[in-house]
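# Topology and contacts: notes
Chain residues, written in single-letter form:
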Amino acid sequence: MAAKSVVDLIESSSGVHYSGFHMDALNKINAGTVPPTTSVADHMYNQPFVIGVAGGAAAGKTEVCNMIIQQLHDQRVVVVNQDSFYHNLTEEELTRVQDYNFDHPDAFDTEQLLGVMDKLKHGQAVDIPNYDFKSYKSHAFPARRVNPSDVIILEGILIFHDPRVRELMNMKIFVDTDADVRLARRIKRDTVQKSRDIGTVLDQYSKFVKPAFDDFILPTKKYADIIIPRGGDNHVAIDLIVQHIRTKLGQHDLCKIYPNLYVIQSTFQIRGMHTLIRDCQIKTHDFVFYSDRLIRLVVEHGLGHLPFTEKQIITPTGSVYTGVDFCKRLCGVSVIRSGESMENALRACCKGIKIGKILIHREGEGDNSQQLIYEKLPNDISDRHVLLLDPILGTGNSAVQAINLLIKKGVPESNIIFLNLISAPQGVHVVCKAFPRIKIVTSEIELGLNKDYRVVPGMGEFGDRYFGTDDDQQVVVPSQ
Ligand SMILES: Nc1ncnc2c1ncn2[C@@H]1O[C@H](COP(=O)(O)OP(=O)(O)O)[C@@H](O)[C@H]1O
Ligand SMILES: Nc1ccn([C@@H]2O[C@H](COP(=O)(O)O)[C@@H](O)[C@H]2O)c(=O)n1
Ligand SMILES: [Mg+2]
């Protein structure tokens, strides 16, 4: 599974920059000749994008799902209907089916639904019951085989009811259609498709459907990220949703979890530069040259996240050009020593920028052993946006120390942009969990950390390689 997901990852990584490595290394890891990493990345990759679609019966949920699928034609999308998980009725319940409440949360086997989702998220195919609305049975028809996909749409009236199901979702949509429209559609659907008589449909509506909508379905609207009025008629909403899904699918899975993590768009130039600086044989001047190029890209991208104000100027043709004015209240803070390698790029982009320093000493090999040794920061740092510079985010411990110091100095969390060349998933988790409002900008997400808490594939001790003090560095060559 791990091998497959990594291959898929490489093949599907058209727009995102993941750590470069190849099957050889993977085979060695699998064969046990290279120690496995402590990476969580392996199971992070290829996580499907899960969309929840809730709303009253006959609101147009299925219609909305079909439109999303249609527009995402080049992605593997599956729909999992909550209807498939209706409990089977006992013989006694079947004899008095008009007294059965199909709109109550207890009518569904949520444990079974969670089991199915767990398998799909772990890359396993599942057989989902095909519910028969006429016989009220989930085994009347053969089950539907559902393969793991890029996008899973979970659809149903009460799909937002259980917090465990909500937790699975990356995006929640509530289809909001007027009650009279829903009732009219329901009457038509139940009489035509389910061969029910209109009296039965109306009785069920007033006895169960409407009260359950008010008591259980409507209260879940608050969990929605997007509320779509008019269902499938709302083409603008569907377009926006599809656009968002496409963006998310093109991103690393960590970006789906942490919206403030930005991995710069991959190009072969970027991948080529990473290939060069990660090579243990590269000469210092080449390492510095290509690191500088990459750092410049990260810095430029980071600056793009600063706030701006609108500004109008007059061009030499006498025309008005409406542009923007850069944010002026900013400063850099480098984490000594490797962070200092990023200062030139920042100075080249921001004339006269103030740059503070933080020195954190890594004591021992443990993942929790950092010590703040030195700091020199601008006095008015609390009024500034801070670009925190460190090329490598590993365990995240020094980053947490540095960010804590900035916050102690009065810098609002949301004013901090942390710039890295490479980031290990562990460090991203630690930093984003501790500081959900800071932004991280990086050029590649790594596989993980090894047993010595070093980033892999990584690029070794960045500071030593950049500043040329790596003469006595041992290169670890994986055994053949
Ligand atoms: N925008 C629409 N205009 C007209 N009829 C619609 C529209 N959306 C859905 N329908 C019809 O209404 C009924 C219920 O829609 P459906 O998408 O199945 O709702 P849900 O899945 O929320 O129960 C279906 O018969 C469908 O064809
Ligand atoms: N045997 C059943 C099972 C469910 N219903 C009704 O279906 C509605 C949910 O389906 P949607 O496609 O509209 O989401 C719900 O309101 C149940 O009352 C039924 O009539 N018979
Ligand atoms: Mg439906």
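Above: the structure in question.
Residues numbered from 1 in each chain as written. Chains lettered and ligands numbered in written order. Predicted model: local features only at pLDDT ≥ 70, side-chain atom pairs only at ≥ 80, totals over all residues. Heavy atoms only, no water.

Before going further, it helps to spend a moment on the packing of aromatic side chains. Enumeration over the complete set of coordinates arrives at ten aromatic pairs. Between tyrosine 86 and phenylalanine 108, the aromatic rings sit 4.4 Å apart at their centres with planes inclined by 25°, giving stacked as the arrangement. One end of the pair, tyrosine 86, is in the loop between β2 (77–81) and α5 (91–95); the other, phenylalanine 108, is in the loop between α5 and α6 (110–121), and 22 residues separate them in sequence. The two residues tyrosine 86 and phenylalanine 108 agree in class, both being buried. Ring plane angle 55° and centroid distance 4.8 Å describe the contact between tyrosine 100 and phenylalanine 102, whose orientation is recorded as tilted. For the pair formed by tyrosine 100 and phenylalanine 102, the shared burial category is buried. (Phe/Tyr/Trp six-rings, centres within 6.5 Å; stacked < 30°, edge-to-face > 60°. Helix = DSSP H or I, 4+ residues; strand = E, 2+ residues; numbered from the N terminus. Buried < 20%, exposed > 50% of the residue type's maximum accessible area, 1.4 Å probe, protein only.)

Close to ligand 2 lie 17 residues; Lys61, Asp103, Arg186, Arg189 and Arg196 are nearest. Within the side chain of arginine 196, one N or O atom sits 2.7 Å away from an oxygen atom of ligand 2. Burial of ligand 2 by the protein chains amounts to 97% of its free accessible area of 480 Å². Broken down by secondary-structure element, the contributors of at least two residues to the shell around ligand 2 are α8 (179–192) and α9 (198–217). For the shell around ligand 2, a count of residues per class yields nine nonpolar, one polar and seven charged. (Near = heavy atom within 4 Å. Polar contact = N/O pair within 3.5 Å; in protein donor to acceptor, adjacent residues only side chain to side chain. Areas by Shrake-Rupley, 256 points an atom, 1.4 Å probe, with all protein chains shown as cover. Nonpolar A, V, L, I, M, F, W, Y, C, P; charged D, E, K, R; others polar.)

Turning our eyes to something else, we now look at the environment of lysine 137. Tracing the sequence through the fold places lysine 137 in the loop between β3 (126–128) and β4 (144–146). In this structure the C-alpha to C-alpha distance between lysine 137 and asparagine 88, which are 49 residues apart in sequence, comes to 5.5 Å. Those residues in contact with lysine 137, other than ones at most four positions away along the chain, are Asn88, Leu94, Asn130, Tyr131 and Asp132. (Contact = heavy atoms within 4.5 Å.)

Here the focus is the sheet that holds strand β6 (residues 171–176). The five strands are arranged β2-β5-β1-β6-β7 in an open sheet whose pairing can be described as parallel. Every interior strand has two partners, whereas the edge strands, β2 and β7 (226–229), have only one. Between one strand axis and the next, the sheet turns by 20° as a mean value, whatever way the strands run. Summarising the sheet, β6 and β7 pair through four bridges and their orientation is parallel. Counted as the bridge partner of phenylalanine 174 is isoleucine 227 from β7. (Pairing = 2+ DSSP bridges. Axes fitted to C-alpha atoms, helices over the stretch in contact; angles between N-to-C directions.)

Another aspect to go through is the pairing of β6. With five of its six residues buried, β6 lies for the most part within the structure. Pairing geometry for strand β1 (residues 49–55) and β6, over five bridges, is parallel. Residue isoleucine 51 lies in a different strand from β6, and its bridge partner there is methionine 171.

Taken together, Gly56, Ala57, Ala58, Ala59, Gly60, Lys61, Thr62, Glu63, Glu155, Arg185, Arg189 and Asp233 make up the full set of residues adjacent to ligand 1. The contact in question runs from an oxygen atom of ligand 1 to an N or O atom on the backbone of lysine 61, over 2.7 Å. The protein chains hide 71% of the 550 Å² of surface that ligand 1 would expose on its own. For the shell around ligand 1, the secondary-structure elements that each account for two or more residues are α4 (61–71) and α8. Element by element, the count of residues in the shell around ligand 1 is highest for α4, at three residues. Split into classes, the residues belonging to the shell around ligand 1 amount to three nonpolar, three polar and six charged.

Turning our eyes to something else, we now look at the packing of helix α12 (residues 268–278) against helix α13 (residues 284–303). It is at 9 Å that the axes of α12 and α13 come closest, and there the two elements cross at 140°. When the axis of α12 is compared with that of α13, the two are oblique. The element α12 and its partner α13 pack so that their crossing is left-handed. From α12, Gln269, Ile270, Met273, His274, Leu276 and Ile277 reach across to α13, where they touch Phe287, Tyr290, Ser291, Arg293, Leu294 and Leu297. (Parallel < 35°, antiparallel > 145°, perpendicular 65-115°, else oblique. Left-handed = near helix turned anticlockwise from the far one by under 90°.)

With that settled, the discussion passes to unusual backbone geometry. Each neighbour pair has its own omega, and for isoleucine 336 with arginine 337 the value is 10°, a cis peptide bond. The topology assignment puts arginine 337 in the loop between β11 (330–336) and α14 (343–349). The omega torsion across valine 456 and proline 457 is 0°, close enough to zero to call that bond cis. Structurally, proline 457 can be placed in the loop between β21 (455–456) and α17 (462–467). One non-glycine residue with positive phi stands out, namely serine 195, at about 55°. Among the residues examined, serine 195 registers a relative accessible area of 53% and is labelled exposed. Although it is not a glycine, arginine 230 adopts a positive phi angle of roughly 70°.

Our focus in this paragraph is the nonpolar core. By size, the foremost hydrophobic cluster in this structure holds 36 residues, and its most contacted members are Val80, Phe102, Leu120, Leu154 and Ile159. Of all elements in the fold, only β1, β2, α6, β3, β5 (151–155) and α9 reach the threshold of two or more residues within this core. Looking at this core element by element, the count peaks at five residues for α6. Excluding residues that lie within four positions of it along the chain, leucine 120 makes contacts with Val80, Val126, Val146, Asn147, Pro148 and Ile152. Grouped together as the second largest cluster of nonpolar side chains are 34 residues, Met273, Leu306, Ala345 and Leu449 included. (Core = buried A, V, L, I, M, F, W, Y, C linked by side-chain atoms within 4.5 Å.)

Before going further, it helps to spend a moment on α6. The end-to-end C-alpha separation of α6 is 16 Å, in line with the 16 Å expected for twelve residues at 1.5 Å each. Of the positions making up α6, those classed as buried are Thr110, Leu113, Leu114, Val116, Met117 and Leu120. Across the axial projection of α6, the buried residues extend over an arc of 160°, all falling on one side. In this fold, the buried residues of α6 make contact with β1, β2, β3, β4, β5 and α7 (163–167). Two residues or fewer past α6, glycine 123 is found with a positive phi of approximately 80°. (Expected span 1.5 Å × (residues − 1). Arc of directions from axis to C-beta.)

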